[in-house]
Amino acid sequence: MPNEKPEKPANFIRNIITEDLKHGKNDGRVHTRFPPEPNGYLHIGHAKAICLNFGIAEEFGGKCNLRFDDTNPTKEEEEYVRSIIEDVHWLGFDWEDRLFYASDYFEKMYEYAEQLIKKGKAFVCDLNAEEVRQYRGTLTEPGKESPYRNRSVEENLDLFRRMRAGEFPDGTRTLRAKIDMSHPNLNMRDPVMYRILHANHHRTGDKWCIYPMYDWAHGLEDSIEGITHSLCTLEFEDHRPLYDWFLEQLDVHHPQQIEFARLNLSYTIMSKRKLLELVRDGYVDGWDDPRMPTISGLRRRGYTPESIRYFSDLIGVAKRDSVVDIAMLEYCIREDLNKNAPRRMAVLKPLKVVITNYPEGKEEDLDAINNPEDASAGTRKVPFSRVLYIEQDDFREDPPKKFFRLAPGREVRLRYAYFIKCVDVVKDENTGEIKELHCTYDPATRGGDAPDGRKVKATLHWVSAMHAVDAEVRLYDRLFSVPDPGADKEKDYKEFINPNSLEILENCKLEPSLSNAKVSENYQFERLGYFCVDSKYSSAEKLVFNRTVSLKDTWAKIKKAMAEEARKKKK
RNA sequence: UGGGGAGUCGUCCAAUGGCAGGACAUACGGCUCUGGACCGUAUAAUCGGGGUUCGAAUCCCUGCUCCCCAGCCA
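Just so we're clear, the structure is a prediction, and the values are computed from it rather than from any experiment. (Residues numbered from 1 in each chain as written. Chains lettered and ligands numbered in written order. Predicted model: local features only at pLDDT ≥ 70, side-chain atom pairs only at ≥ 80, totals over all residues. Heavy atoms only, no water.)

Chemist: Describe the environment of W95, listing the residues and the values that go with them.
Modeler: Looking at the element boundaries, W95 is found in the loop between α3 (78-91) and β3 (99-101). W95 sits in the buried class, given a relative accessible area of 9%. C-alpha of W95 to C-alpha of R67: the two residues are 28 residues apart in sequence and 9.6 Å apart in space. Not counting chain neighbours up to four residues away, the residues in contact with W95 comprise F54, C64, L66, I85, V88 and H89. (Helix = DSSP H or I, 4+ residues; strand = E, 2+ residues; numbered from the N terminus. Buried < 20%, exposed > 50% of the residue type's maximum accessible area, 1.4 Å probe, protein only. Contact = heavy atoms within 4.5 Å.)

Chemist: Give a description of the sheet that holds strand β5 (residues 174-177) that names residues and reports values.
Modeler: Pairing within the open sheet is antiparallel, and its 4 strands lie in the order β4-β5-β6-β7. On the outer flanks of this sheet lie β4 (122-125) and β7 (210-212), each paired with one strand and no other. The average angle at which neighbouring strand axes cross in this sheet is 20 degrees, direction not considered. For strand β6 (residues 192-196) and β7, the ladder comprises 3 bridges, and the chain directions are antiparallel. Counted as the bridge partner of Y194 is P212 from β7. (Pairing = 2+ DSSP bridges. Axes fitted to C-alpha atoms, helices over the stretch in contact; angles between N-to-C directions.)

Chemist: Describe the pairing of β6, naming the residues involved and giving the relevant values.
Modeler: Regular strands have side chains that alternate between both faces of the sheet. Summarising burial for β6: 4 of the 5 residues are buried, a large majority. Of the strand pairs in this sheet, β5 and β6 are connected by 3 bridges, and their pairing is antiparallel. Residue R176 lies in a different strand from β6, and its bridge partner there is V192.

Chemist: Outline the protein's contact with RNA strand B, supporting the account with residue identities and numerical values.
Modeler: In the neighbourhood of RNA strand B, 67 residues make up the surrounding shell, with N15, R343, R405, R413 and G447 lying closest. Atoms of RNA strand B within 4 Å of the protein belong to the sugar or the phosphate in 64% of instances, the rest to bases. One of the backbone nitrogen or oxygen atoms of G171 is found 3.0 Å away from a base nitrogen of RNA strand B. In this structure, a base oxygen belonging to RNA strand B sits 3.3 Å away from a main-chain N or O atom of Y416. Listing elements by their share of the surface near RNA strand B, those giving two or more residues are α5 (129-136), β6, α12 (326-340) and α13 (554-570). Counted by class, the surface near RNA strand B contains 26 nonpolar, 17 polar and 24 charged residues. (Near = heavy atom within 4 Å. Polar contact = N/O pair within 3.5 Å; in protein donor to acceptor, adjacent residues only side chain to side chain. Nonpolar A, V, L, I, M, F, W, Y, C, P; charged D, E, K, R; others polar.)

Chemist: Tell me about the nonpolar core, and name the residues and values.
Modeler: Membership of the largest hydrophobic core comes to 48 residues, with the highest contact counts inside it found for I13, I44, V88 and F311. For this core, the secondary structure elements donating two or more residues are α1 (12-22), α2 (44-59), β2 (63-68), α3, β9 (256-260), α10 (295-301), α11 (305-315) and α12. Of all the elements, α2 adds the most residues to this core, at 9 residues. When residues no more than four places from it in sequence are discounted, the contact partners of V88 are F34, L42, I50, F54, L66, F93 and W95. Ranked by size, the runner-up nonpolar core spans 35 residues in total, among them M109, Y194, Y243 and L247. (Core = buried A, V, L, I, M, F, W, Y, C linked by side-chain atoms within 4.5 Å.)

Chemist: Which residues make up the pattern of salt bridges, and what values go with them?
Modeler: Applying the stated criterion across every chain, the model contains 53 salt bridges. For E503, the salt bridge identified is with K349, shortest N-O distance 3.9 Å. Taken as a pair, E503 in strand β22 (residues 502-510) and K349 in the loop between β11 (346-347) and β12 (350-355) lie far apart in primary sequence, 154 residues in all. Judged by relative accessible area, which is 32%, K349 ranks as partly exposed. One salt-bridge network, in which partners are shared between bridges, spans R33, R67, E221, D222 and E225. (Salt bridge = Lys/Arg side-chain N within 4 Å of Asp/Glu carboxyl O.)

Chemist: Tell me what's going on with the packing of aromatic side chains, and back it up with residues and numbers.
Modeler: Under the counting rule described, the total for this entry stands at 23 aromatic pairs. Look at Y80 and W287: their rings are 6.1 Å apart centre to centre, the planes differ by 85 degrees, and that puts the pair in the edge-to-face class. Taken together, the residues span a long stretch of sequence, with Y80 in helix α3 and W287 in the loop between α9 (272-280) and α10 at a distance of 207 residues. Look at W287 and you get buried, because its relative accessible area is 8%. Measuring from ring centre to ring centre gives 6.1 Å for Y110 and W208, while their planes differ by 50 degrees; the resulting arrangement is tilted. In this pair, Y110 is assigned in helix α4 (residues 106-118) and W208 in the loop between β6 and β7, connecting sequence segments 98 residues apart. In terms of burial, Y110 and W208 fall into one category: buried. Taken together, the ring pairs in this structure connect F106, Y110, F160, Y194, W208 and Y211 into an aromatic cluster. The cationic tip of K144 hangs over the ring face of Y135; the distance from NZ or CZ to the ring centre is 4.7 Å. (Phe/Tyr/Trp six-rings, centres within 6.5 Å; stacked < 30°, edge-to-face > 60°. Lys NZ or Arg CZ within 6 Å of the ring centre and 35° of its normal.)

This is how it looks when you write it as structure tokens:
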């Protein structure tokens, strides 16, 4: 990831390019592009495509363009352009001066269209949408030719120019390619090239009222930019014959389209439509909600660009539909943060501990290691005093088997501090709720080691009460409670939203050095997980942290297994 | 039932006629001032049936399963 792991495994796209290069295709050039439509925020699936396209270019000494495929003004917005630029850049890729827009080519595309008309390969069709559908035929039956198919070149040219001039209302006419209405591939049955749309475009304004369709536009965009390998997802496989047909008719530079399988991730959805719905209808807190699989959501959650690029390398590229286990993504961020995130102590669910034999009013600073994986990260001072907080989960009055942590009469270590022994449990008289613990400490164990060599089975994190910084901490779980929320044909995916995907903890206690944590810094809260300052809600008055991902938790597994066993016994 | 694709450990990806390998996940052990990290071990796959070949995940035939396509979306 960050440093090592240079060798990327082979994949079929790389093999094709290597072969092309061997045969001197494209004069040895490799030029790719990432062509998003600005109609939504980028997600982890796009990250795969971005890493693929930019990665391939880099690997073969080529270039990769960032190009907005903005051919549908009714769905596209400036905000999406802005976010996409930000996200691709944040992922760590550079398109230099090659930021392009399909809309910049509208004039050129129009000229090409007239060329096709003049060649008798395109015609203006007066059928409406419903009629076009009827004429298209079905999967198993051929279509019928449009009655307008055999207009003269002159009439087509005249009509097409008048379409451009705005003489006709939306939907009344289209420009269509003249191919074959009985072609077994539906895309080849005289596909629409232009539709009339009197809509304001985010870049060209009201200049155009006809807009090119994807199939017509995309190959031209690639061709104009001198793209050599046009990588896209599997659903465009059926469109490749059309992509090729247009470029052949025009006799222009002809990139090679190669399709790969889009990314699916377990316990989440990747459909832009559904993601938009979650945002629009308030199921989540915007596109950058930390539970969203969007790049901006992952960023706010605390994922690093490195971890996402590493993930992209790990999952590989192939043509078969697949669902990557979300555990793979979590592995990638842990792998990165374990090496790079400074450690801190934070208590999420505080339980008060009074060290009864520690002098009142005494304070001392203890040395704590910032990152055991990185000696250069150094150490810091952590204040200790008579009253502390530990995690509620770290104490059990009646400890089960395999529970190593604090219990009445038991001795544990406070990390970087002292051994303490629990001598008393103070409870609320009425509720029986544990209010605080009374412990004694062994002054000889200062720093965390016993001179007599005695061992403890657990080390707990802690925070000095009088020095603690208050914070809110947000714990996230997977957004959906089933592995494939989109799979059920009976039920709507929203029924599978995990009601516990967000848990807000209000009363958290942090070690004081965390008070000046900045957005985009990642920390490990020892024994808990990786956390970062929330870019949206955190402020000087109120610190808010997000949990990026928990640490691997062996104890949680043991607990789960024990519960499972108990359940079985009952049966 | 037309066309286009795809089937390899639970998951993802390799092996391009020559010992089916890696990663994640899982289980167990070691180590540990994070029940983290790290180290080690184990479990675990070529969709089925034929054929070609000294040798097949790979080539051929055949069957099965899954995905995509009937937007004036991309």
